[in-house]
Amino acid sequence: MNLEGRVAIVTGGAGGLGSATVHRLVEAGMKVVVFDLAEDRAVELAKTIGHAAAGVGGDAANEEDAEAAIDTAKSLGVLSVVANVAGGGVGGGRTISRDGVPAALESFVKTLEVNAVATVNMTRLAAATMAQNEPDEEGERGVIVNAASIAGLEGQTGQVGYATAKAAILGMTLPLARDLSAVGIRVCAIAPGTMGTPLMLAMPEAMRDKLVEGIQFPRRLGKPEEFAQLVESIARNPYLNGENIRLDGALRFPPK
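An account of the accompanying structure is given in this report. (Residues numbered from 1 in each chain as written. Predicted model: local features only at pLDDT ≥ 70, side-chain atom pairs only at ≥ 80, totals over all residues. Heavy atoms only, no water.)

Position of Gln156 among the secondary structure elements: in the loop between β5 (142-147) and α5 (160-180). Within polar-contact distance, the side chain of Gln156 engages the backbone oxygen of Pro254 at 3.1 Å. Dropping the residues within four chain positions of it, Gln156 is found in contact with Phe253, Pro254, Pro255 and Lys256. (Helix = DSSP H or I, 4+ residues; strand = E, 2+ residues; numbered from the N terminus. Polar contact = N/O pair within 3.5 Å; in protein donor to acceptor, adjacent residues only side chain to side chain. Contact = heavy atoms within 4.5 Å.)

Turning to the sheet that holds strand β2 (residues 31-36), a few remarks are in order. Judged by pairing direction, the sheet is parallel, and its 7 strands sit side by side in the order β3-β2-β1-β4-β5-β6-β7 without closing on themselves. Whereas interior strands pair on both sides, the edge strands pair on one side only; in this sheet they are β3 (53-57) and β7 (243-247). The average angle at which neighbouring strand axes cross in this sheet is 20 degrees, direction not considered. Contacting β1 (7-11), β2, β4 (79-84) and β6 (185-192), helix α1 (residues 16-27) crosses the sheet at an angle of about 170 degrees to β1. Sitting on the sheet, helix α2 (residues 39-49) touches β2 and β3, and the angle it makes with β3 is about 175 degrees. (Pairing = 2+ DSSP bridges. Axes fitted to C-alpha atoms, helices over the stretch in contact; angles between N-to-C directions.)

Note on pairing: side chains with opposite charge can pair once their charged atoms come close. Applying the stated criterion to the full structure yields 11 salt bridges. Of the charged contacts, one joins Glu232 and Arg236 as a salt bridge, the two residues approaching to 2.8 Å between their closest N and O atoms. Remark: Arg236 and Glu232 occur in helix α8 (residues 224-236); sequence separation between them is 4 residues, near one turn of the helix. Close ionic contact of Asp248 with Arg252 constitutes a salt bridge, the shortest N to O distance being 3.4 Å. The exposure class assigned to Arg252 is partly exposed, which follows from its relative accessible area of 47%. Because the salt bridges share partners, they merge into one network encompassing Glu154, Arg246, Asp248 and Arg252. (Salt bridge = Lys/Arg side-chain N within 4 Å of Asp/Glu carboxyl O. Buried < 20%, exposed > 50% of the residue type's maximum accessible area, 1.4 Å probe, protein only.)

Let's shift gears to unusual backbone geometry. In most cases, non-glycine residues show a negative phi, while peptide bonds are predominantly trans. Put simply, Phe217 and Pro218 share a cis peptide bond, and its omega is -5 degrees. Here Pro218 is to be found in the loop between α7 (205-212) and α8. The phi dihedral of Ala250 is positive, around 65 degrees, even though this residue is not glycine. When you line up the elements, Ala250 lands in the segment after β7. In this structure Ala250 comes out as partly exposed when scored by relative accessible area, which is 41%.

The structure is reproduced here in structure tokens:
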């Protein structure tokens with residue numbers, strides 16, 4: 001896909017991976033809607049970029065908020081790329097505590113909502129808009145890239161909610177690609193390992209060193225810019241579709 005002059009939405013666009021993706025797509029010649037729950041941060045990031053970006057506050061799992069982000073994108077031009085980066089863990093802990101107390105169901109449901117539900121909601125609404133685009137010479141109208149995690153493949157102790165939510169995102173990649181093939185929209189997902197986001201870099205050095213131990217090469221935290229680079233690569237490569245791509249330096253999560 002030729003990205004020049006087209007429009008993208010990045011959910012979670014004010015966060016570590018999201019903001020790196022915003023900057024990368026702008027550098028590629030796109031206009032970008034920074035869509036984030038933290039409206040002030042989304043607007044501030046868009047201001048620092050200038051005319052090529054717009055900040056929108058809202059919840060990607062909420063239909064009205066998602067439609068508002070899409071309307072903003074349409075006001076900038078042709079919506080062609082969506083990077084669903086919004087998500088994260090809510091609570092956590094073992095299924096039953098050492099005292100035999102069951103984990104809170106509300107935490108599990110909320111984790112699914114902010115990850116899997118938000119991804120599906122944004123995808124279905126954006127795809128309906130993309131389906132109206134003029135196709136290119138190969139019939140392509142748009143690209144959707146979803147952020148999962150290797151936790152969706154190798155969930156650790158105490159990660160039932162988060163691992164389930166990210167596994168759901170990985171599990172929807174192929175059926176979404178099959179559903180949307182009829183309208184020329186590709187779908188891929190990225191499963192990052194341990195990434196050096198601002199939140200991760202704020203951890204004590206000893207804890208960060210422990211997280212790096214299982215990474216094979218390069219033996220360091222992943223860079224948000226590397227995630228963003230992969231988003232752009234997926235958008236540009238017309239034969240990447242229905243694929244879940246690990247981005248982890250050959251890391252495999254241990255049980256704990």
